[in-house]
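Residue-level listing of the chains:
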Amino acid sequence: MLFGALEAGGTKMVCAIGDEYGQVLEQTSITTTTPDETMPKIFEFFDGKEIEAMGVACFGPVDVRKGSATYGNILNTPKIAWRDFPIVQNIKDNLGKDLPVGFDTDVNGSLLGEVTWGAAKGLTDAVYFTIGTGIGMGAISGGKLVHGMLHPEIGHIKMSILDGDNFKGVCPNHGTCFEGMASGPAIEARYGKSAKELENNNDVWNLEAGYIAQAVTAVIFTLSPQKIILGGGVMHQKQLFPLIRNKVLEDINGYIDTKELRNISSYIVPAALNDNQGIMGALKLAALEIA
Ligand code: ADP
Ligand code: ZN
């Protein structure tokens, strides 16, 4: 069966044709500018392709509540041109009103890819963090992708400021929230250099790991996931993994003791699908829509 997949990001739109096995047959990437300019290029890619359903994993906030009047819309994103854009409706208007369209957040999409084919394969309870331009987290709990009132927004939880850190943070809403302190742009604003250029500066990654560990520990104590996957551009700094694992154990401080925590290097892990987790997850969203 052929499915369409769209990984809608603030910087680029990845479009693909693939199948129910997560195999991508054809793929392209389109720069994200405005809906008027970007969407027609997406439709050009899908034009004439015999897809049975489409899956969209989209940057947020988005309305993923089925039955809501604004279901399928991008909500109050700071990317003004996309604010309130009805992306699912726009896809149906252009690719066929009867085309089934599965829709979820970008992070739930990546998590779904990893749960179906990757690092969390077969698990019912797992989370996927992206630490990139923004910070977000997708969650599956009891086998269901978590939405709830809207969807989780862990990037904006309050951080305990670490000793000696005077940085004011970059989040326009909260200053020193998780995203304000630990996103790629936060690292760049704090040190005046790109995160990549800071590769050999241990202080940078110790502090970064300290903030990431706070959020990971909060999720261990709230959702009790069976696996924690850390993805996104900043996590290309592989030295972060052991630092984060150690700090999580310090933060838990012996309060719980499980086989997962005793084998923490296979509990807190990188994504396993070579940065294809998002587009593969979007394929799965399409498949689920007609399941
Ligand atoms: P996005 O979040 O826009 O979808 P990414 O997940 O690639 O995209 O995140 C981009 C952010 O990650 C940038 O702020 C950049 O500084 C940071 N980043 C990208 N590559 C690296 C790297 N190798 N090391 C550290 N930071 C990186
Ligand atoms: Zn914030």
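Everything here concerns the structure above.
About the cut-offs
- Sequence order sets the numbering: in each chain, residues are counted from 1 along the sequence as written.
- To label them, take the chains in the order written and letter them from A, then take the ligands in the order written and number them from 1.
- In keeping with the predicted nature of the model, local features appear solely for residues at pLDDT of at least 70, side-chain atom pairs appear and are counted solely at 80 or more, and the whole-chain, interface and lining totals rest on all residues.
- Values shown for side chains rest on all heavy atoms present in the structure; no hydrogens or waters enter the calculation.
- By definition, any uninterrupted DSSP run of H or I lasting at least four residues is a helix, any uninterrupted run of E lasting at least two residues is a strand, and each is numbered from the N terminus.
- Any two residues having at least one pair of non-hydrogen atoms within 4.5 Å are treated as being in contact.
- Pairing between strands requires that DSSP locate at least two bridges from one strand to the other.
- Axes here mean lines fitted to C-alpha atoms, for a helix over just the part in contact, with angles spanning 0 to 180 degrees between N-to-C directions.
- Coordinating donors are taken to be N, O and S atoms lying within 2.8 Å of the metal, or within 3.2 Å when the metal is Na, K or Ca; because water is excluded from the atom set, some sites may appear incomplete.
- Here a site with four donors is tetrahedral if all angles are between 85 and 135 degrees, and a site with four or six donors is square planar or octahedral if opposite donors are over 155 degrees apart and the other angles are between 65 and 115; anything else gets the irregular label.
- Residue burial is assigned from relative accessible area. The probe radius is 1.4 Å, only protein chains are included, and a residue is buried under 20% of its type maximum, exposed over 50%, and partly exposed in between.
- Residues are labelled near a given molecule or strand when at least one of their non-hydrogen atoms is within 4 Å of it.
- Residues adjacent in sequence count toward polar contacts only when both atoms are side-chain atoms; beyond that, a polar contact is any pair of N or O atoms within 3.5 Å, and within protein one must be able to donate a hydrogen and the other to accept it.
- Gly is put with the polar residues, along with every residue not named as nonpolar or charged; the nonpolar set is Ala, Val, Leu, Ile, Met, Phe, Trp, Tyr, Cys and Pro, and the charged set is Asp, Glu, Lys and Arg.
- A pair of Phe, Tyr and Trp rings is counted when the ring centres sit within 6.5 Å of each other, with Trp represented by its six-membered ring. The angle between the planes then sorts it: under 30 degrees is stacked, over 60 is edge-to-face, the rest tilted.
- A ring is scored as having a charge over it whenever the NZ atom of a lysine or the CZ atom of an arginine sits within 6 Å of its centre and within 35 degrees of its normal.

Asks: Got a minute to help me understand the side chain of histidine 151 in this structure?
Replies: One can find histidine 151 in the loop between strand E8 (144–145) and helix H4 (178–182). What histidine 151 contacts, discounting residues up to four positions off in sequence, is Pro61, Val62, Val64 and Thr105.

Asks: Where do I start with the sheet that holds strand E6 (residues 126–131) in this structure?
Replies: Within a sheet, adjacent strands bond to each other through the backbone by hydrogen bonds, running parallel or antiparallel. Across the sheet, which stays open at both edges, the five strands sit in the order E8-E7-E6-E9-E10 with mixed pairing between neighbours. Either end of the sheet is taken by a strand with one partner, and the two such strands are E8 and strand E10 (268–270). One ladder, built from six bridges, connects E6 with strand E7 (residues 135–141); its direction is antiparallel. Directly across from isoleucine 131, in E7, lies its bridge partner isoleucine 135. Against the sheet, helix H7 (residues 240–252) touches strand E9 (227–231) and E10, its axis set at about 165° to E10.

Asks: Honestly, the sheet that holds strand E2 (residues 12–18) in this entry has me stumped. Any pointers?
Replies: On the basis of which strands lie adjacent, the open sheet formed by five strands has the order E3-E2-E1-E4-E5 and mixed pairing. The open sheet terminates on both sides in strands that have one partner only, identified here as strand E3 (24–31) and strand E5 (101–105). Sheet twist, expressed as the mean angle between neighbouring strand axes with direction ignored, is 15°. Of the pairings in the sheet, the one linking strand E1 (residues 3–8) to strand E4 (residues 53–58) comprises six bridges and is parallel in character. From the neighbouring strand, alanine 8 faces E4, where its bridge partner is cysteine 58. Packing against the sheet, helix H3 (residues 106–117) makes contact with E4 and E5, and its axis sits at approximately 105° to E5.

Asks: Please clarify how the environment of methionine 280 should be interpreted in this entry.
Replies: Its place among the elements puts methionine 280 in helix H9 (residues 277–289). With 256 residues separating them along the chain, methionine 280 and valine 24 place their C-alpha atoms 7.5 Å apart.

Asks: I tried to follow the coordination of the zinc ion (ligand 2) on my own but got confused; where do I start?
Replies: Angles between donor atoms at a metal ideally measure 109.5 degrees for a four-coordinate tetrahedral arrangement and either 90 or 180 degrees for a six-coordinate octahedral one. Bound to the zinc ion (ligand 2) on the protein side are His156 (ND1), Cys171 (SG), His174 (ND1) and Cys177 (SG), at distances that span 2.0 to 2.3 Å. Here the zinc ion (ligand 2) is ringed by four donor atoms whose angles at the metal span 103 to 121°, and the overall shape comes out tetrahedral. Within one chain, the residues serving as donors to the zinc ion (ligand 2) are arranged as H-x14-C-x2-H-x2-C. Residue classification places histidine 174 among the partly exposed residues on the basis of a relative accessible area of 44%.

Asks: For this particular structure, what's the right way to read the site of ligand 1?
Replies: As a matter of local geometry, ligand 1 sits amid 13 residues, with Thr133, Glu188, Ala195, Gly233 and Gln237 nearest to it. Between glycine 233 and ligand 1, the recorded distance is 2.8 Å, taken from a backbone N or O atom to an oxygen atom. Between ligand 1 and the protein, one listed contact pairs a nitrogen atom with a side-chain N or O atom of glutamine 237 at 2.7 Å. Of the residues belonging to the shell around ligand 1, the class tally is three nonpolar, eight polar and two charged.

Asks: What exactly am I supposed to notice about the packing of aromatic side chains here?
Replies: Note on aromatic pairs: each is described by the distance of the centres and the angle between the planes. Counted according to the given criterion, the structure contains six aromatic pairs. Feature note: the residues Phe59, Trp82 and Phe85 constitute an aromatic cluster, connected by ring pairs. When the ring centre of phenylalanine 45 is taken as origin, the NZ or CZ atom of lysine 49, which lies over that ring, is 4.3 Å away.

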